[in-house]
Amino acid sequence: VQLQASGGGLVQAGGSLGLSCAASGRTFSSYAMGWFRQAPGKEREAVAAIRWSTGSTYYADSVKGRFTISRDNTKNTMYPQMNSLKPEDTAVYYCATTIDRIYYSYFRSGEYDYWGQGTQVTVSS
């Protein structure tokens, strides 16, 4: 499975940015897709996740109400949407997927087997 993330860039605080994460490779049967970020000097943290079959979504408190994710099953693609961006949202954003069930938490990076290359999002003040 390969994940290709795109859509990052530079945006002013208060602005919006949409990303995409497309999965390809073996017959794709994802259980869940996660969305993570890592800011300079900080650990990778979970932003949101989506259960593929049901579309159920989960959000970290830091982004709840500002970020949303959706998916297109026909395109095997997840669409993170970031609104009301803040400078502290600046990070490299990664998508990840697992074809196995989630055992502990959608926000636990170890649950995910396949990772995209990351895309830079920079929010200027």
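For clarity, every value in this text was computed on a predicted model and none was experimentally measured. (Residues numbered from 1 in each chain as written. Predicted model: local features only at pLDDT ≥ 70, side-chain atom pairs only at ≥ 80, totals over all residues. Heavy atoms only, no water.)

Chemist: Looking at this structure, I do not really get the environment of Gln 12. What am I missing?
Modeler: Counting through the fold element by element, Gln 12 comes out in strand β2 (residues 9-12). Sequence separation between Gln 12 and Ile 50 is 38 residues; the distance between their C-alpha atoms is 27 Å. In this structure Gln 12 touches Val 123 and Ser 124, once residues within four positions along its chain are discounted. (Helix = DSSP H or I, 4+ residues; strand = E, 2+ residues; numbered from the N terminus. Contact = heavy atoms within 4.5 Å.)

Chemist: Would you explain the pairing of strand β12 (residues 119-124) in this entry?
Modeler: Judged by which residues are buried, β12 turns out to be one-sided: Thr 119, Val 121 and Val 123 face inward and are buried, whereas Gln 120, Thr 122 and Ser 124, on the alternate face, are not. Taken together, the 4 bridges between β2 and β12 define a ladder with parallel strand orientation. Residue pairing for β12: Gln 12 is matched across the bridge by Ser 124. Summarising the sheet, strand β10 (residues 91-98) and β12 pair through 3 bridges and their orientation is antiparallel. Each residue of the ladder has a partner; that of Ala 91, found in β12, is Val 121. (Buried < 20%, exposed > 50% of the residue type's maximum accessible area, 1.4 Å probe, protein only. Pairing = 2+ DSSP bridges.)

Chemist: It is not clear to me how the nonpolar core should be interpreted in this structure. Could you clarify?
Modeler: Across soluble globular proteins, nonpolar side chains have a tendency to be buried as a group. Ranked by internal contacts, the top residues of the largest apolar core, which has 28 residues, are Met 33, Trp 35, Phe 67, Met 78, Met 82 and Tyr 93. Mapped by element, the contributors of at least two residues to this core are β1 (2-6), β4 (20-24), β5 (32-38), β6 (45-51), β8 (67-72), β9 (77-82), β10 and β12. The contacts of Met 82, once residues within four sequence positions are left out, are Gly 15, Ser 16, Leu 17, Leu 19, Trp 35, Arg 66, Phe 67, Tyr 93 and Val 121. Within the second largest apolar cluster, 8 residues are counted, among which are Ala 32, Ile 102, Tyr 106 and Tyr 112. (Core = buried A, V, L, I, M, F, W, Y, C linked by side-chain atoms within 4.5 Å.)

Chemist: Just checking my understanding: could you explain the pattern of salt bridges for this structure?
Modeler: It is possible for side chains of opposite charge to pair when their charged atoms get near one another. Taken as a whole and assessed by the stated rule, the structure comprises 5 salt bridges. Connected via shared salt-bridge partners are Arg 37, Glu 45, Arg 66 and Asp 89. (Salt bridge = Lys/Arg side-chain N within 4 Å of Asp/Glu carboxyl O.)

Chemist: Explanation requested: unusual backbone geometry in the structure shown.
Modeler: Most peptide bonds take the trans form, and the phi angle of most residues other than glycine is negative. The phi dihedral of Asn 76 is positive, around 50°, even though this residue is not glycine. Topologically, Asn 76 is positioned in the loop between β8 and β9. A positive phi angle is found at Ser 84, which is not glycine, with a value near 50°. Note that Ser 84 resides in the loop between β9 and β10.

Chemist: In this structure, what is going on with the packing of aromatic side chains? I would like to understand it.
Modeler: Given two aromatic rings, their pairing is described by the distance between the two centres and the angle made by the two planes. Applying the stated rule across the entire model yields 6 aromatic pairs. With a centroid separation of 4.9 Å and 50° between ring planes, the pair formed by Phe 36 and Trp 115 is classed as tilted. With a gap of 79 residues between them, Phe 36 in strand β5 and Trp 115 in strand β11 (residues 114-115) connect regions that are remote in the sequence. Through a chain of ring-to-ring contacts, the aromatic side chains of Trp 35, Phe 67 and Tyr 93 assemble into a single cluster. Just above the ring of Tyr 94 sits the side chain of Arg 44; from NZ or CZ to the centre is 4.2 Å. Above the plane of the ring of Trp 115 lies Arg 44, whose end atom (NZ or CZ) is 4.6 Å from the centre. (Phe/Tyr/Trp six-rings, centres within 6.5 Å; stacked < 30°, edge-to-face > 60°. Lys NZ or Arg CZ within 6 Å of the ring centre and 35° of its normal.)

Fair warning: the whole summary comes from geometry, so function is off the table for now.
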